[in-house]
Amino acid sequence: QLQLVESGGGLVQPGGFLRLSCTASTSIFSLLTTDWYRQAPGKQRELVARIAGGGTTDYSDSVKGRFAISRDNAKNTVYLQMNSLKPEDTAVYYCNMNIGPVHYWGQGTQVTVSS
């Protein structure tokens, strides 16, 4: 069964940066699309960034130009570099991979942007 482990969250001041990591336990990692979602208190989970197995990326309008998603297939890891962080970026961030109809989620990592 696929397992996803996120890390890298924390408390940062507005304008600061963090890098999140998502490591997957699968031999077909390089073939899979990986998504980063976030969920703020009282809000629905929203898609933030996506990277396909071939490396094509996509971003929500709210993070475009500030966040960058990348992958290292040798390490089975996807990264989310978050720059120019704003208080409204505060949320639990989750990575997601789908294999056929099955959706796999990590445990989430908290990101808090506050002065």
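The structure presented is a predicted model; accordingly, all values stated were derived computationally and were not measured.

Chemist: Explain the pairing of strand β1 (residues 4–7) to me, please; I cannot follow it from the model alone.
Modeler: For a regular strand, side-chain orientation follows a simple rule: the groups alternate between the two sheet faces. Burial of β1 is one-sided: the residues Leu4 and Glu6 facing one way are buried, the residues Val5 and Ser7 facing the other way are not. Pairing between β1 and strand β3 (residues 18–24): four bridges, direction antiparallel. Counted as the bridge partner of Ser7 is Ser21 from β3.

Chemist: When you look at the state of the cysteines in this model, what are you seeing that I'm missing?
Modeler: In a disulfide, the sulfur atoms of two cysteines are covalently bonded to one another. For the structure shown, the criterion picks out one disulfide. For Cys22, the disulfide goes to Cys95, at an S-S distance of 2.1 Å. Handedness of the Cys22-Cys95 disulfide follows from its S-S torsion of about 65°: it is right-handed. You can see Cys22 sitting in strand β3 and its partner Cys95 sitting in strand β9 (residues 91–99), a full 73 residues away along the chain. Each member of the pair Cys22 and Cys95 is classed as buried.

Chemist: What is the right way to read the nonpolar core from this model?
Modeler: General note: in soluble globular proteins, nonpolar side chains tend to be found buried as a group. In terms of nonpolar packing, the biggest core is built from 29 residues, with Leu4, Trp36, Phe67, Ile69, Leu80, Met82 and Tyr93 touching the most fellow members. Counting residues per element, the ones that place at least two in this core are β3, β5 (46–51), β7 (67–72), β8 (77–82), β9 and β11 (109–113). Filtering out sequence-adjacent residues up to four positions away, Met82 remains in contact with Gly16, Phe17, Leu18, Leu20, Arg66, Phe67, Tyr93 and Val111.

Chemist: How should I be thinking about the sheet that holds β7 in this particular structure?
Modeler: Across a sheet, strands are paired by hydrogen bonds formed along the backbone, either parallel or antiparallel in direction. The strand order β1-β3-β8-β7 describes an open sheet built from four strands, whose pairing is antiparallel. Among the strands making up the open sheet, the edge pair consists of β1 and β7. Going across the sheet, the axis of each strand differs from the next one's by a mean of 15°, ignoring polarity. Alignment of β7 against β8, held across six bridges, turns out to be antiparallel. Bridging across to β8, Arg71 finds its partner in Val78.

Chemist: How should I be thinking about unusual backbone geometry in this particular structure?
Modeler: Glycine aside, the phi torsion of most residues is negative, and most peptide linkages are trans. A positive phi angle, near 55°, is found at Asn76, a position not held by glycine. By the element assignment, Asn76 lies in the loop between β7 and β8.

Chemist: What's the story with the pairing of strand β4 (residues 34–39) in this structure? I'm lost.
Modeler: The buried count for β4 comes to five of six residues, which makes it a mostly enclosed element. As paired strands, β4 and β5 are joined by five bridges and run antiparallel to one another. When the bridges of β5 are listed, Asp35 appears paired with Arg50. Turn length for the β4-β5 hairpin, with the two strands adjacent in sequence and antiparallel, is six residues, and the turn residue Gly42 shows positive phi of about 75°. Pairing between β4 and β9: six bridges, direction antiparallel. Within β9, the residue paired with Gln39 across the bridge is Val92.

Basis of the calculations
- Residues numbered from 1 in each chain as written.
- Predicted model: local features only at pLDDT ≥ 70, side-chain atom pairs only at ≥ 80, totals over all residues.
- Heavy atoms only, no water.
- Buried < 20%, exposed > 50% of the residue type's maximum accessible area, 1.4 Å probe, protein only.
- Helix = DSSP H or I, 4+ residues; strand = E, 2+ residues; numbered from the N terminus.
- Pairing = 2+ DSSP bridges.
- Disulfide = S-S within 2.5 Å.
- Core = buried A, V, L, I, M, F, W, Y, C linked by side-chain atoms within 4.5 Å.
- Contact = heavy atoms within 4.5 Å.
- Axes fitted to C-alpha atoms, helices over the stretch in contact; angles between N-to-C directions.

From the geometry alone we can't say anything about function, so treat these as descriptive.
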